[in-house]
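Remarks on the overall topology
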Amino acid sequence: MEKFLKVQKNSVEYIENNLEESFKITLQETGLSREDVKQMYNWYDFNPEIKDSDIDGLKKIKKFLSKSGMLEKK
């Protein structure tokens, strides 16, 4: 768990310090539009603590991914 949390922390720091590059990588990997990537970025809270608002957010993301064809199974 300590290793996971360290990797998570480093990943978040990279994203925050290299936001444009992170968007570019996400665009390439997902095929989504830049607007969709920005929208999805604003949905995420990278704090590892799970809150009720996180569950609600995941439901919204599931709906978006299903609508965009990236999630095939519910």
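Use the structure listed above.
Now for a look at the structure at hand. From a predicted model like this one, the values you see are computed outputs, not experimental measurements. (Residues numbered from 1 in each chain as written. Predicted model: local features only at pLDDT ≥ 70, side-chain atom pairs only at ≥ 80, totals over all residues. Heavy atoms only, no water.)

1. With respect to the nonpolar core
- Counting seven residues, the largest nonpolar core consists of Phe23, Leu32, Val37, Met40, Ile61, Phe64 and Leu65.
- Counting residues per element, this core draws most heavily on helix H4 (residues 52-68), which supplies three residues.
- Beyond its immediate stretch of four places on either side in the chain, Val37 contacts Phe23, Thr26, Leu27, Thr30 and Leu32. (Core = buried A, V, L, I, M, F, W, Y, C linked by side-chain atoms within 4.5 Å. Buried < 20%, exposed > 50% of the residue type's maximum accessible area, 1.4 Å probe, protein only. Helix = DSSP H or I, 4+ residues; strand = E, 2+ residues; numbered from the N terminus. Contact = heavy atoms within 4.5 Å.)

2. Structural notes on the side chain of Asp54
- Among the secondary structure elements, Asp54 is positioned in helix H4.
- Asp54 has contacts with Asp45 and Glu49, leaving out every residue within four places of it along the chain.

3. A look at the environment of Pro48
- Of note, Pro48 is situated in the loop between helix H3 (34-43) and H4.
- Since its relative accessible area comes to 52%, Pro48 is described here as exposed.
- When the C-alpha atoms of Pro48 and Val7 are compared, they prove to be 12 Å apart, with 41 residues separating the residues in sequence.

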